[in-house]
Amino acid sequence: MLRVEGLHVYYGAIHALKGISFSVAEGELVTLLGANGAGKTTALKTISGLLRPRAGTVALEEHALEELGPHEIVRLGVVHVPEGRKIFPRFTVLENLKAGAYARRASSIREDFDFVFTLFPRLKERARQMGGTLSGGEQQMLAIGRGLMAKPKLLLLDEPSMGLAPLLVEQIFATIRAINQQGVTILLVEQNAAMALSISERGYVLETGTVILEGKASDLVTSDRVRQAYLGG
Amino acid sequence: MDLALAIFPQVLMDGVVLGFMYALIALGYTMVYGVLEFINFAHSEIFVIGAFVGVEVLLLLEASGNLAALHPAFILVVLLFAGMALSGLAAVGLERVAYRPLRGAPRLVPLISAIGASFFLQDFIRFIESLWRNTFYLTYPSIDVLEKTISLGEAVTIPVKSILVIATALAMLLALYLLVNRTKVGTAIRAVAQDPDTAALMGIHVNRIIALTFFVGGSMGGAAGVLFGLHYSLVNPYAGFIPGLKAFTAAVLGGIGNIPGAVLGGMVLGLMEAFAASYLSILTSGAFGAEYKDVFAFVVLILILIFRPKGILGEKVREEGV
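Bear in mind that the values here come from a model prediction, so they are computed numbers and not experimental data.

A. Expanded view of the domain arrangement of chain A. All names here are of chain A. What the domain assignment reports for chain A is domain 1 (1–77 + 153–233) and domain 2 (84–151). Computed over C-alpha atoms, the centres of domain 1 and domain 2 are 23 Å apart. On the domain 2 side, the residues contacting the 16 residues of domain 1 number 15 residues. Roughly 1,200 Å² of surface becomes buried between domain 1 and domain 2 when both sides are summed, with 73% attributable to carbon and sulfur atoms. Counting the surface domain 1 buries against domain 2, the share from its top three residues, Arg75, Ile172 and Ile179, is 28%. Between the two partners, domain 1 and domain 2, sit 0 salt bridges. Looking at the side of domain 1 that touches domain 2, the elements with two or more residues in it are helix H2 (70–75), strand E7 (154–158) and helix H7 (166–181). Of all the elements, H7 adds the most residues to the side of domain 1 that touches domain 2, at 5 residues. Broken down by class, the residue content of the side of domain 1 that touches domain 2 amounts to 9 nonpolar, 4 polar and 3 charged.

Listed below in structure tokens is the structure:
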């Protein structure tokens, strides 16, 4: 479904991605692991069009995403839930969700509201509250819910567990799993390697802009390198 | 004190008219600041373009003998739409040529570009008018109905001109309110103002929304230009500087980036100015005359900003980070 090949991305003079390649098949849940600054977020931003690659290709089925702007990429069903939630603080919960469905026709979004509210009943209680007044966990639910409102074929999730209490982290990961089982393909970026690998089929490990390891999640969990670097020995 | 009371309604009316004028211009500064965090210092010339479009349409109608023949309401509508359309388009062109290429540059760079664009537009209007009419000081032909007054009781008379400014400004503000708060593009404008990158991830075409914001802000300025011309009659290419500066002040006073703030700031500044112009001399027994009105207005501005640096309705315009 998604095939990234030989991707080079720069921030000014900084060479952030040095020719990485990876792929995600339809229906899969794939994780990108890596320390801070490894290039995980850069990879997602390049897929969703916020960054332009210097070289390399990003193919979604027959579409060449590296030539499109972010507003066009969303319309192809690639939806990016950014790091740090980035909900609109001066929109209510409802307005945030509606913004998520911006690229779609208004008549067809009714049932998606229902779907998001079943997934996150908390959001329904807070529907009229400003986004900026929500707790961190609620903001994360809203960010994922807003992403779902775009009816994604491929959902890019950047650090959904960041800054959340352990109980909430488990809940979020269970939800991600559930969304995947509904047929949404997911590319997940995480620092919480143990959690991420436990729900993923495959994973890639990034280090300073290159893929150093890839394989089935079950193999990665037992690999010495991943254990030492990300799972605390 | 009798005199002070007697002129009160008149002064109030002047202040309200001025206030709406500032409010309409201030919207252009504040909306553009909202989406780009940048002050479009050439907005005062966008306003002047509206004033010149108005006078040109009227002069052409006069020359062709249609000024007296057509219904005044029709003429006013044509005038406003022409002024709004051309000012709006000029603002869009300005963004495209002078600001968009500098989007990633340090903040000072587009600001300097804006000041340059401001000078360029002043002299461009002067150049065109000098070629075309041999002068760049133009006078609005009078429209009879606008010169009339309506009396309310014995003491109070209201010029039709003032009613026109107030009614038009109210209609514009209502339309803008509905556009920004009740439509899909309005949602997009508000989303871009909060976080452009995330807005793009929602499928919003950010550059198009920025251009649209320039168009809407520019057309509000254009409408203000036409109203300014109709109300004060005289226009020249440099006439935008002072109203532009005051409207910018009004936008800061209300809280830059905040749309209701721009209207409130414009009104506060307009009223202060009108009251200072009429009452300073009465209250100080002639020690300070009307010429101190701007000093007074700006002293109040400075005081408000000392105690509320973000303006009356100001809030943090864009959230950074998490």
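B. Representation of the nonpolar core within the structure. Residues Leu24(B), Leu58(B), Leu230(B) and Val235(B) are the most contacted members of the largest nonpolar core, which totals 67 residues. At the level of elements, helix H1 (2–36), helix H2 (43–63), helix H3 (72–99), helix H6 (160–182), helix H9 (206–232), helix H10 (241–254), helix H11 (259–283) and helix H12 (293–307) of chain B are the ones that each hand at least two residues to this core. It is H1(B) that provides the largest number of residues to this core, a total of 13 residues. Counting 43 residues, the second largest nonpolar core, distinct from the first, contains Leu164(A), Ile179(A), Ile199(A) and Tyr230(A).

C. Inspection of the packing of aromatic side chains at higher detail. Following the criterion strictly, the structure yields 15 aromatic pairs over all chains and no others. Taken together, a centroid distance of 5.9 Å and an interplanar angle of 40 degrees make the contact between Tyr99(B) and Phe214(B) tilted. A residue pair is termed long-range when its members are at least 10 positions apart, and Tyr99(B) in helix H3 and Phe214(B) in helix H9 qualify at 115 residues. A single burial state applies to Tyr99(B) and to Phe214(B), both of which are buried. Summarising the aromatic geometry, the rings of Phe275(B) and Tyr279(B) are spaced 5.6 Å apart at their centres and angled 20 degrees between planes, so their arrangement reads as stacked. Highlighted residues: Phe275(B) and Tyr279(B), both in helix H11, separated by 4 residues, approximately one helical turn. Grouped by ring-pair contacts, the aromatic residues Phe8(B), Phe275(B) and Tyr279(B) constitute a single cluster. Sitting over the face of the ring of Tyr10(A), Arg54(A) holds its NZ or CZ atom 3.8 Å from the ring centroid. Sitting over the ring of Tyr102(A), Lys184(B) keeps its end group 4.9 Å from the ring centre.

D. Local environment of the interface of chain A and chain B. Contact residues are listed per partner, giving 21 residues for chain A and 23 residues for chain B. Roughly 2,100 Å² is buried in total at the junction of chain A and chain B, and carbon and sulfur atoms are behind 65% of that figure. When the buried area of chain A at its contact with chain B is split by residue, Phe88(A), Arg90(A) and Tyr102(A) rank highest and sum to 36% of it. Here chain A is connected to chain B by 1 salt bridge. Between Arg190(B) and Glu95(A) there is a salt bridge, with its nearest N and O atoms 3.3 Å apart. Inspection of the region where chain A meets chain B yields 6 residue pairs in polar contact (both at pLDDT 80 or more). Here the side of chain A that touches chain B is built from residues that sort into 10 nonpolar, 5 polar and 6 charged.

E. Structural view of the pairing of strand E6 (residues 78–81) of chain A. Residues and elements named next belong to chain A. On E6, burial covers both faces: Val78 and His80 on one face and Val79 and Val81 on the other are all buried. Two strands pair when backbone bridges link them, and E6 and E7 are joined in this way by 4 bridges, in the parallel orientation. In the strand pairing of E7, Val78 is matched with Leu154.

So, how was this worked out
- All residue numbers here refer to positions counted from 1 along the written sequence of the relevant chain.
- For this description, chains carry letters from A and ligands carry numbers from 1, given in the order in which they are written.
- With pLDDT at 70 or above as the cut-off, local features in this predicted model cover only qualifying residues; side-chain atom pairs require 80 or more to be listed or tallied, and sums for whole chains, interfaces and linings still use all residues.
- Hydrogens are left out, water is left out, and the side-chain values use all remaining heavy atoms of the structure.
- The source of the domain bounds is an automatic or database domain assignment.
- Pairs of residues are marked as contacts when any of their non-hydrogen atoms sit within 4.5 Å.
- Two parts lose some accessible area (1.4 Å probe) when they are put together, and adding that loss for both gives the buried area.
- Salt bridge, as used here: a side-chain nitrogen of Lys or Arg that lies within 4 Å of a carboxyl oxygen of Asp or Glu.
- The way it works is that DSSP assigns letters per residue, a run of H or I at least four long becomes a helix, a run of E at least two long becomes a strand, and they are numbered from the N terminus.
- All residues other than Ala, Val, Leu, Ile, Met, Phe, Trp, Tyr, Cys, Pro, Asp, Glu, Lys and Arg, Gly among them, are scored as polar; the first ten of these are nonpolar and the last four charged.
- Side-chain atoms within 4.5 Å are what join buried Ala, Val, Leu, Ile, Met, Phe, Trp, Tyr and Cys residues into a set we call a nonpolar core.
- For each residue, the accessible area found with a 1.4 Å probe, counting protein chains only, is set against the maximum for its type, and the residue is called buried under 20%, exposed over 50%, and partly exposed in between.
- Pairs were defined over the aromatic rings of Phe, Tyr and Trp, the Trp ring being its six-membered one, requiring ring centres within 6.5 Å. Orientation was assigned from the angle between planes: stacked under 30 degrees, edge-to-face over 60, tilted for the rest.
- Two thresholds decide whether a charge sits over a ring: the Lys NZ or Arg CZ must be within 6 Å of the ring centre and within 35 degrees of the ring normal.
- Distance and chemistry together define a polar contact, namely a pair of N or O atoms within 3.5 Å, with one atom able to donate a hydrogen and the other to accept it when in protein, and with adjacent residues in sequence counting only for side-chain atoms on both sides.
- What makes two strands pair is DSSP finding at least two bridges between them.

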